[in-house]
Amino acid sequence: MAAAAGQTAGKILIFLAARGAIRSAWLQRRFSRRPPAAPRRPGRLGLMLARSKAAGTRFVEVLERPRQATGMLLVSAVSGFPPLLAASVYLGRTPMRPVAFAATCLLGRAIRFVTVALAPQLAGY
């Protein structure tokens, strides 16, 4: 449980930093958005990847909803896919409340670490 609490504390800091709650000149430069480049005509590879890019865009639209974002965070905290660090940064830019983020992250990490600790017993060692 201590490892889960420590990991959650670190991820909350990352979540708040992505949200802009932590003010720092270095962080502001790091998270500032670059202006989009001038649109170009897509090449063959761009045309081939257009379908997966559209699917990714729809997936991101779904994750903007708090209920789906909470489920994704729980899966990320338990399984590690998608990486919890990336999920923390992404969810910092969504309307998810910090309390919901902390509770979900702590629950998922606790499940993961308790499972890892009990794995030898479950395997019969």
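Structure's up top.
Bear in mind that the values here come from a model prediction, so they are computed numbers and not experimental data.

Visitor: Mind showing me how you'd approach the overall build of the protein here?
Guide: A tally of helices and strands in the protein yields six helices and zero strands. Each helix (α) and strand (β) of the protein, taken in turn from the N terminus, gives the series α-α-α-α-α-α. Along the first, second and third principal axes, the C-alpha atoms of the protein reach 60 × 40 × 25 Å. Each of the 125 residues in the protein was classed as buried or not, and the buried ones make up 22%. Taking as baseline every contact in the protein between residues at least 6 positions apart, the subset at least 24 positions apart corresponds to 74%. When the accessible surface of the protein is summed, it comes to about 9100 Å², and 66% of that surface belongs to carbon and sulfur atoms.

Visitor: Looking at this structure, I do not really get the packing of helix H1 (residues 2-19) against helix H6 (residues 98-123). What am I missing?
Guide: Where H1 contacts H6, the axes come no closer than 9 Å and their chain directions differ by 145°. The interaxial crossing formed by H1 with H6 has right-handed handedness. Residues Ala3, Ala4, Ala5, Gln7, Thr8, Lys11, Ile12, Phe15, Leu16 and Arg19 of H1 pack against Pro98, Phe101, Ala102, Cys105, Leu106, Arg109, Ala110 and Phe113 of H6. Counted by class, the contact of H1 with H6 contains 13 nonpolar, two polar and three charged residues.

Visitor: Explanation requested: the side chain of Thr104 in the structure shown.
Guide: Here Thr104 is to be found in helix H6. In terms of polar contacts, Thr104 uses its side chain to reach the backbone carbonyl oxygen of Ala100, at 2.8 Å.

Visitor: What am I meant to see in a nonpolar patch on the surface here?
Guide: On the surface, Met1, Val114, Leu118 and Leu122 cluster together to form a nonpolar patch covering roughly 430 Å² of accessible area. Summarising the element assignment, Val114 is placed in helix H6. Residue classification places Val114 among the partly exposed residues on the basis of a relative accessible area of 40%.

Visitor: Just checking my understanding: could you explain the nonpolar core for this structure?
Guide: Where a protein is soluble and globular, its nonpolar side chains tend to be buried together. In terms of nonpolar packing, the biggest core is built from 12 residues, these being Phe15, Leu63, Ala69, Met72, Leu73, Ala77, Leu84, Ala87, Leu91, Met96, Phe101 and Cys105. Looking at this core, the elements that each hand over two or more residues are helix H4 (66-79), helix H5 (84-91) and H6. Of the residues forming this core, the biggest block, four residues, is contributed by H4. Discounting residues that sit within four places of it in the chain, Leu91 has contacts with Phe15, Arg19, Ala69, Met72, Leu73, Met96 and Phe101.

Visitor: It is not clear to me how the packing of H4 against H5 should be interpreted in this structure. Could you clarify?
Guide: Two packed helices can be described by the angle between their axes and the distance between those axes. Where H4 contacts H5, the two axes come as close as 9 Å, and the packing angle between them is 160°. Relative to H5, H4 is oriented roughly antiparallel. For the element pair H4 and H5, the recorded crossing hand is left-handed. Where H4 approaches H5, its residues Ala69, Met72, Leu73, Ser76 and Ala77 are matched on the opposing element by Leu84, Ala87 and Leu91.

Visitor: Which parts of the structure should I look at to understand the packing of aromatic side chains?
Guide: The description of two aromatic rings rests on the distance between their centres and on the angle between their planes. What the rule picks out here adds up to one aromatic pair. An angle of 15° between the planes, with centres 4.3 Å apart, marks the rings of Phe15 and Phe101 as stacked. In this pair, Phe15 is assigned in helix H1 and Phe101 in helix H6, connecting sequence segments 86 residues apart. Here Phe15 matches Phe101 in class, with each residue buried.

Thresholds applied
- Residues numbered from 1 in each chain as written.
- Predicted model: local features only at pLDDT ≥ 70, side-chain atom pairs only at ≥ 80, totals over all residues.
- Heavy atoms only, no water.
- Helix = DSSP H or I, 4+ residues; strand = E, 2+ residues; numbered from the N terminus.
- Buried < 20%, exposed > 50% of the residue type's maximum accessible area, 1.4 Å probe, protein only.
- Contact = heavy atoms within 4.5 Å.
- Areas by Shrake-Rupley, 256 points an atom, 1.4 Å probe, with all protein chains shown as cover.
- Axes fitted to C-alpha atoms, helices over the stretch in contact; angles between N-to-C directions.
- Left-handed = near helix turned anticlockwise from the far one by under 90°.
- Nonpolar A, V, L, I, M, F, W, Y, C, P; charged D, E, K, R; others polar.
- Polar contact = N/O pair within 3.5 Å; in protein donor to acceptor, adjacent residues only side chain to side chain.
- Patch = residues over 30% accessible without salt bridge, like charges linked within 9 Å, V, L, I, M, F, W, Y side chains within 5 Å.
- Salt bridge = Lys/Arg side-chain N within 4 Å of Asp/Glu carboxyl O.
- Core = buried A, V, L, I, M, F, W, Y, C linked by side-chain atoms within 4.5 Å.
- Parallel < 35°, antiparallel > 145°, perpendicular 65-115°, else oblique.
- Phe/Tyr/Trp six-rings, centres within 6.5 Å; stacked < 30°, edge-to-face > 60°.

Everything listed here is a matter of geometry and, on its own, says nothing about what the molecule does.
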